[in-house]
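Remarks on the overall topology
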Amino acid sequence: MVEFELNGVARRVDMPADTPLLWVIRDGLGLPGTKFGCGMGLCGACTIHLDGQPIRSCAIPLAAAAGRRLTTIEGLGAGPAISDLHPAQQAWIEGSVAHCGYCESGQIMAAAALIDANDDPSDAEIDSALSGNLCRCGTYPRIRAAVRRAAELKRGGETVVQSFDPNVAIAPVGGLRA
Amino acid sequence: MSTDKLGPALTRRSLLKTSAVAGGGLIVGVNLSGCASAPPIGADGDLSPDAWLQITPDDRVIFQLDKTEMGQGVITSLPTLVGEELNLDPARIHVHLAPVHPRFQDPIQITGGSTSIANRYQPLRQTGAAARDMLLAAAAERWSVPRAELELEDGAVHHRSSGNSARFGELAEAAARQSVPKHPALKPASEFRWIGQSVPRTDRVTKSTGGAVFGIDVGLNGQELPNLATAVVVRSPRFGAELEGFDAGEARRIPGVIDVIAVSTGVAVIADGYWPARQAAGKVVARWSDGPLKGLDSAAIEAAQRRALDEQKGRSARNDGNFARAAERAHRVIDAEYVIPHLAHATMEPMNCTAWLHDGVCDVWVPTQGPDIVQAVAAEAAKLPRDRVRVHSTLMGGGFGRRGIPDYAAEAVEVARLAGRPVKVVWSREDDMRHDFYRPATCNRLRATLDDNGAVTGWEHRLVGPSIIGTLVPDFLGALMPTWVPGGVTNVLGRAGGAVIRGRDSSSTEGAADLPYAIDHVRVESILHDPGVPIGFWRSVGHSQNAFVVESFVDEVAHAAGADPLTFRLERLAAHPRHLATLQLAAEKANWGHPDDGRSQGIAVHESFGSVVTEIAEVSVDNGRIRVHRVVCAIDCGLVINPDIVRAQMEGSIVFGLTAALKSKVTLEDGGIRQSNFHDYDLLRMDETPVIEVYFVNQDAPPSGVGEPGLPPIAPAVANAVFAATGQRLRTMPLRLA
């Protein structure tokens, strides 16, 4: 039994201690936002925060989380108002960064950790913080712009996307009993 | 037996109707009229002038997204077309990921070939316009006023002078009883409110907050799939190797493992989560036959391709004038050989699929570009009639052509059938890398003839490679045959179809045979050589490699003729105004001929999927390292429905193309793929990504493709810039300086 805090909630997990955190979060706790891309810490799709630091959850075992604080994309920003999301999420939304969107949770977590530590990163610092996160769709130009914008929001800017009706969007994948 | 009882006559024509669907290449159109009738979409009382649209009495406007969203933005751009005619903000439209339906088949329900907008531009506007007219007719009846006095705004019909207004939902049932107009008037372009605007992507919030449900997420997050298990499959180390036996004694001892079974693709380990399944898979000891490719490697394929070029005459794809005579009379002949490697798709979301057979039906949740192809192969794997298979498309973490092939769905259905419970099969990155359907490897020999004035008189392009469609048809066309064709016949026809198509698959010569330059003597021919490596459609298909070959060699010829590469192109493209316009715009924006200090420029232009794109790359070379600083892109894709999405597709295509140009290839080694993960199949990263600028020309024509046309010109633009910088002509991808 391993105890930790996940997105502000105390959790106890009864899974083998060597289970990578990625699978604890996804299969064990049912949070799908953290993605599986490579299983070797090579692509960054599974990036989460461990005590505020970005880590590759596919390569860190459950045991390492004992007594620590984990944050996933689901717990990064309060929401549901856009202005209550993390500045990185606001900037990603403003900039329509995502194409397929699969890598973006990891990209946002990497970006959020950067600007939480440094709200005025240089281009070199942005490249350095994000170049471990792969995106096959090629959203890098938008990611770069969004990180700059997120830093601006963090420093006190206001998002231009004021509202979004969550009821009018993509229907959840349906038909379990269709 | 008369054909009446069998349904429509089974003729080769109806089965092998070919049409230009997937990327200008041939794809086999299958007459599906033998299928069972389609389930209705929507409910009684909905206003649904066509399958794409339902307006419900509870006032929802629902769009059935028949094209699958893989990042290209159809989830936003297609509803925009309907919304425009309904005078309704596309953000107000509910998007449902559509089921398989005959109305969505043209002739296959596939998303590919950059066709979604081009094919749907008119039908979706007509659908929206029909609904508009029916709503207006219902309101006119209700209030007994002339229709001309009514207007649509914000999801309601208004009659200004009386102050009457009614929501779409209030009018839906009455509107549904109106007859569907055949030719509703479409809004004039001058009145467009959303078409041509950067309507924000409707998936941007869910994809920034972790809420988007991809295939791999099915069953998580509160979805009820009782007893859902996860499976991984231990796959053959070589293509075509067959399982001879396995020992799962140790694997079964891993906690959480439910069962270990043989399936068509290997040994399936079924467990109560990915991690125990993966761990147990590592303990399975499987014995494989050698398979047909044992001992084969990429070097041997390349050598065989060269031999074929030495010894064989190819099928003619184009023959203008008389190249042989041009060669005899030439003052000078230049020649070159270009070699293109296999490439993997490497979508960020590995292949996966969830299947559940229950109560006489098979539910399949799948990230796919081809839901009806999935339905067909799933029916075979489930041993059920096709109309008992329900395909639920999900969002997908990239497609790029890989997810048009349904192998992973057939596998999941087989595993679920044998397991007797719902199962999600998840591929590892290694599975995904080593069991892809790769971009074909080709070898190309080119010759150009110059007269004594340095003018180009002739062009010859001979290439050797496999046929994508000829390879795929036997495996997957068979499954798509109408259900009334007996199984054995299906297989035979599938194979016969493969043979027919192999001989004339234009996907291998697209972008080569249609050389646009004014040259009197042009000969393009292809030799079929299939080493047996699985191949498939890879973003922009034949264009992705042929543009590199053609536009690099055009550059070689320009330099041989002593001409500026831009001027050389402009002079020989006078008959192609769209090419000229993109060349001129890109040149102006990039300040052609005046790169920044320490940088060199390269240019390439290419037409594909109905669009023309010029790209100018600005590169520097430092210690043998190629660095791309800036790319200027000018595209003619006709009317731009959503400028920001087109821009995004250009950015994405350029980054995708730069990975091919600069980073990666897959190599065959002893009949299997050597590369396994991102450490040896690296993708372009952010610190390697150039500044990208996108410009549009000619928005008067109907819309054409954007998902792929941005990719073909980037590799030659970079190679041409590298030549300008170093004098080295790089003729293999990825580009490596000597």
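Just so it is clear, the model here is predicted, and its values are computed rather than measured.

With respect to the confidence of the model for chain A
- The predicted model of chain A averages 91 in pLDDT, with 90% of residues at 70 or higher.
- Confidence drops under pLDDT 50 across residues 174-178 of chain A; counting only partners more than four residues distant or on other chains, this segment forms 17 contacts.

Some remarks on the domain arrangement of chain A
Residue and element names in this part refer to chain A.
- Looking at chain A, the domain boundaries give domain 1 (2-75) and domain 2 (82-170).
- In this structure, domain 1 and domain 2 have C-alpha centres spaced 21 Å apart.
- Contacts between the two partners involve 16 residues from domain 1, matched on the other side by 12 residues from domain 2.
- Contact between domain 1 and domain 2 buries roughly 1100 Å² in total, counting both sides, with carbon and sulfur atoms accounting for 59%.
- Remark: the boundary between domain 1 and domain 2 carries zero salt bridges.
- Seen at the junction of domain 1 and domain 2, the total is six residue pairs in polar contact (both at pLDDT 80 or more).

Describing the side chain of B:T667
- Of note, B:T667 is situated in the loop between α18 (643-663) and β26 (668-669).
- When near neighbours in sequence (up to four residues on either side) are disregarded, B:T667 contacts B:S298, B:G672, B:I673, B:R674 and B:Q675.

Some thoughts on the packing of aromatic side chains
- Under the counting rule described, the total for this entry stands at 10 aromatic pairs over all chains.
- The interplanar angle of 85 degrees and the centroid separation of 5.7 Å between the aromatic rings of B:Y338 and B:F548 together place this pair among those described as edge-to-face. Here B:Y338 is found in strand β15 (residues 332-340), whereas its partner B:F548 is found in helix α15 (residues 541-560), with 210 residues between them in sequence. Considered together, B:Y338 and B:F548 belong to a single accessibility category, that of buried residues.
- One aromatic cluster is present, built from ring pairs that chain together A:W23, A:F36 and B:Y274.
- Positioned above the aromatic ring of B:F656, the side-chain terminus of A:R136 is 3.9 Å from the ring centre.
- Lying across the ring of B:W427, B:R235 places its NZ or CZ 3.7 Å from the centre.

Some words on the sheet that holds strand β17 (residues 361-366) of chain B
Residues and elements named next belong to chain B.
- Across the sheet, seven strands lie side by side as β11-β12-β9-β19-β16-β17-β18; this open sheet has mixed pairing. Strand pairing shows two members of the sheet lacking a second neighbour, β11 (257-263) and β18 (389-393), which therefore form its edges. Each strand of the sheet is rotated relative to its neighbour by a mean of 20 degrees, with strand direction disregarded.
- Inspection of the sheet shows strand β9 (residues 229-235) paired to strand β19 (residues 423-426) by three bridges, in the parallel sense. Within β19, the residue paired with T230 across the bridge is K424.
- The sheet strands contacting helix α7 (residues 274-281) are β9, β11, β12 (266-271) and β19, and the helix crosses β9 at an angle near 25 degrees.
- Each of β9, β11, β12, β16 (352-358), β17 and β19 touches helix α11 (residues 407-419); the most contacted strand, β16, lies at about 40 degrees to it.

Parameters and conventions
Along every chain, residues carry numbers that run from 1 in the direction the sequence is written. The lettering of chains begins at A and the numbering of ligands begins at 1, in the order of writing. Two thresholds apply to this predicted model, a pLDDT of at least 70 for residue-level local features and 80 or more for giving and counting side-chain atom pairs, whereas whole-chain, interface and lining totals are computed over all residues. For the side-chain quantities, the full set of heavy atoms in the structure was used; hydrogens and water were omitted. For every residue, the predictor assigns a confidence score, pLDDT, that lies between 0 and 100. In this description, contact between two residues means that some pair of their heavy atoms is separated by no more than 4.5 Å. Where each domain starts and ends follows an automatic or database-derived domain assignment. What counts as buried area is the accessible surface, traced by a 1.4 Å probe, that two parts surrender upon association, with contributions from both included. Salt bridges are counted wherever a side-chain nitrogen of Lys or Arg sits within 4 Å of a carboxyl oxygen of Asp or Glu. What qualifies as a polar contact is a pair of N or O atoms within 3.5 Å, subject to a donor-acceptor requirement within protein and to the restriction that residues adjacent in sequence count only when both atoms come from side chains. Secondary structure counts use DSSP, requiring at least four H or I residues in a row for a helix and at least two E residues in a row for a strand, with both numbered from the N terminus. For this analysis, a ring pair means two rings from Phe, Tyr or Trp (six-membered ring only for Trp) whose centres lie within 6.5 Å, classed as stacked if their planes differ by under 30 degrees, edge-to-face if by over 60, and tilted for the remaining angles. The buried label goes to any residue with under 20% of its type's maximum accessible area, the exposed label to any with over 50%, and the partly exposed label to all in between, with areas taken from a 1.4 Å probe on protein chains only. Any Lys NZ or Arg CZ found within 6 Å of a ring centre and within 35 degrees of that ring's normal is scored as a charge over the ring. Two strands make a pair as long as DSSP finds a minimum of two bridges between them. Lines fitted to C-alpha atoms define the axes, with helix axes restricted to the stretch in contact, and inter-axis angles between N-to-C directions lie between 0 and 180 degrees.

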